Amino acid sequence: MKVIGKDIGLALDEMHAEIEKRVRVEAERACRVEPFEGGSFSTVDWEDDAVVISLHNGIPTRALPHVFGVALQHVRQRLDRYPNVVRPSGEDHPAGALIRTVLRELVLAPEAEIWLEPLGLDMDWETKQRHAGLKEMLRDADEEWNEPGSPGNAFAALQYAHFSLTHPPELWESLREQMTEQLPAAAENGEGVLQVVREHLWNSPGACLESLVAARDELGLQPVALVEDRRSGRLY
């Protein structure tokens, strides 16, 4: 199978075919894969006539199957009516969009990995990129990130919880120690988020909903993040 002009092998052929069919039948849209240049590995955009999966042009071929697989799983999550994190009405906080993205990924990223883990896809490049990214983030961290209730503190706490759940333990330990020493309040709040997410986990749309609401409430992020239950349309 080729995506953005690169041969990624056969591991995702079946998954791609199934999700593409579901998009065509259930969402009445085409499914396209395109290259892009941006600040993330991938994006998924639901347009009127198509679901567009954009993959960063600079991703090495060996890393593309997993990046593409994650994007496909995010499409599947929407088809299966997994919850979303949305902006409340009124004026948005400057950091609101970033905080909502990190909150969403805290729960939906590990749910996606449940479906990808059996395929044994190469994650080494992504892991190294994320590890270096968090080290750089800590190096440039503002003092405000250690102030409970601040947007920076919420962002750092969510990152702490996310890495705790998704980063290889042998790599996370050194980052955890650095974060606990440098940003103790953010690390403490991250532990609180981690505890409530582990209570509910992410094994179903309902469990994801409960985890997202609990994590949001643990940090008092109601003014910047609502959680949408796509099964009912209800906002929490």
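Up top is the structure.
Quick look at the structure, then. No experiment lies behind these values; they were computed from the predicted model shown. (Residues numbered from 1 in each chain as written. Predicted model: local features only at pLDDT ≥ 70, side-chain atom pairs only at ≥ 80, totals over all residues. Heavy atoms only, no water.)

## Concerning the sheet that holds strand β3 (residues 30-36)
Stated precisely, the cut-off is as follows: Pairing between strands is defined by DSSP: at least two bridges between the two strands are required. Elements are defined by DSSP. Helices are runs of H or I of four residues or more, strands are runs of E of two residues or more, and each kind is numbered from the N terminus. The axes are straight lines fitted to the C-alpha atoms, using for helices just the contacting stretch, and the angles between their N-to-C directions are given from 0 to 180°. Pairs of residues are marked as contacts when any of their non-hydrogen atoms sit within 4.5 Å.
As summarised here, the arrangement of the three strands in space is β3-β5-β4, forming an open sheet in which the pairing is mixed. Both outer strands of the open sheet, β3 and β4 (42-46), are each paired with one neighbouring strand and no more. This sheet shows a mean twist of 20° between the axes of neighbouring strands, independent of strand direction. In this sheet, strand β5 (residues 50-56) lies alongside β4 in antiparallel orientation, the contact comprising five bridges. Bridging across to β5, D45 finds its partner in V52. This element, helix α2 (residues 64-79), spans β3, β4 and β5 of the sheet and lies at about 155° to β5.

## Section: helix α4 (residues 124-139)
How we decide: Expected span of a helix, by definition, is 1.5 Å for each gap between consecutive residues, and there is one gap fewer than residues. Throughout this description, buried means an accessible area under 20% of the type-specific maximum (1.4 Å probe, protein chains only), exposed means over 50%, and partly exposed covers the range between.
Taking 1.5 Å of rise per residue, the 16 residues of α4 would be expected to cover 22 Å, and the 23 Å separating its terminal C-alpha atoms lies within 8% of that figure. For α4, the complete set of buried residues consists of W125, E126, T127, H131, L134, M137 and L138.

## With respect to the side chain of H66
Looking at where H66 falls in the secondary structure, it is placed in helix α2. Owing to a relative accessible area of 3%, H66 belongs among the buried residues under this scheme. In this structure H66 touches E113, L116, L121, D122, M123 and E126, once residues within four positions along its chain are discounted.

## Comments concerning the pairing of β5
Along any regular strand the residues' side chains alternate between the sheet's two faces. Across the seven residues that make up β5, a large majority, seven, are buried. In β5, alternate side chains face the same way, and those of A50, V52, S54 and H56 on one face and V51, I53 and L55 on the other are all buried. The pairing of β3 with β5 spans seven bridges and is classified as parallel. Looking at the pairing, V33 lines up with I53 of β5. Between β4 and the antiparallel strand that follows it, β5, lie three residues.

## Remarks on the packing of aromatic side chains
In this description, an aromatic ring pair is defined by two values, namely the gap between the centres and the angle between the planes. For clarity, the cut-off: Classification of ring pairs uses Phe, Tyr and Trp, with its six-membered ring standing for Trp, and accepts pairs whose centres are within 6.5 Å; under 30 degrees between planes counts as stacked, over 60 as edge-to-face, and the remaining range as tilted.
Taken as a whole and assessed by the stated rule, the structure comprises four aromatic pairs. Ring centres of F41 and W125 lie 5.3 Å apart, and the angle between their planes is 45°; on these two criteria the pair is classed as tilted. Taken together, the residues span a long stretch of sequence, with F41 in the loop between β3 and β4 and W125 in helix α4 at a distance of 84 residues. Overall, the relative accessible area of 15% leaves W125 in the buried class. When the centroid spacing of 5.2 Å and the interplanar angle of 75° are considered together, the rings of Y160 and W172 count as edge-to-face. Of this pair, Y160 sits in helix α5 (residues 151-166) while W172 sits in helix α6 (residues 169-182), and the two are 12 residues apart along the sequence. Residue Y160 is classed as buried on the basis of its relative accessible area of 2%.

## Topic: the pattern of salt bridges
Threshold: Whenever a carboxyl oxygen of Asp or Glu lies within 4 Å of a side-chain nitrogen of Lys or Arg, that contact is scored as a salt bridge.
All told, the structure shown has 11 salt bridges when counted by the stated rule. Notably, a salt bridge pairs R76 with D80, separated by 3.7 Å at the nearest N-O pair. For R76, a relative accessible area of 5% translates into the label buried. R130 serves as the salt-bridge partner of E126, at 3.2 Å between the closest nitrogen and oxygen. With E126 and R130 both in helix α4 and four residues apart, the pair spans about one turn of that helix.

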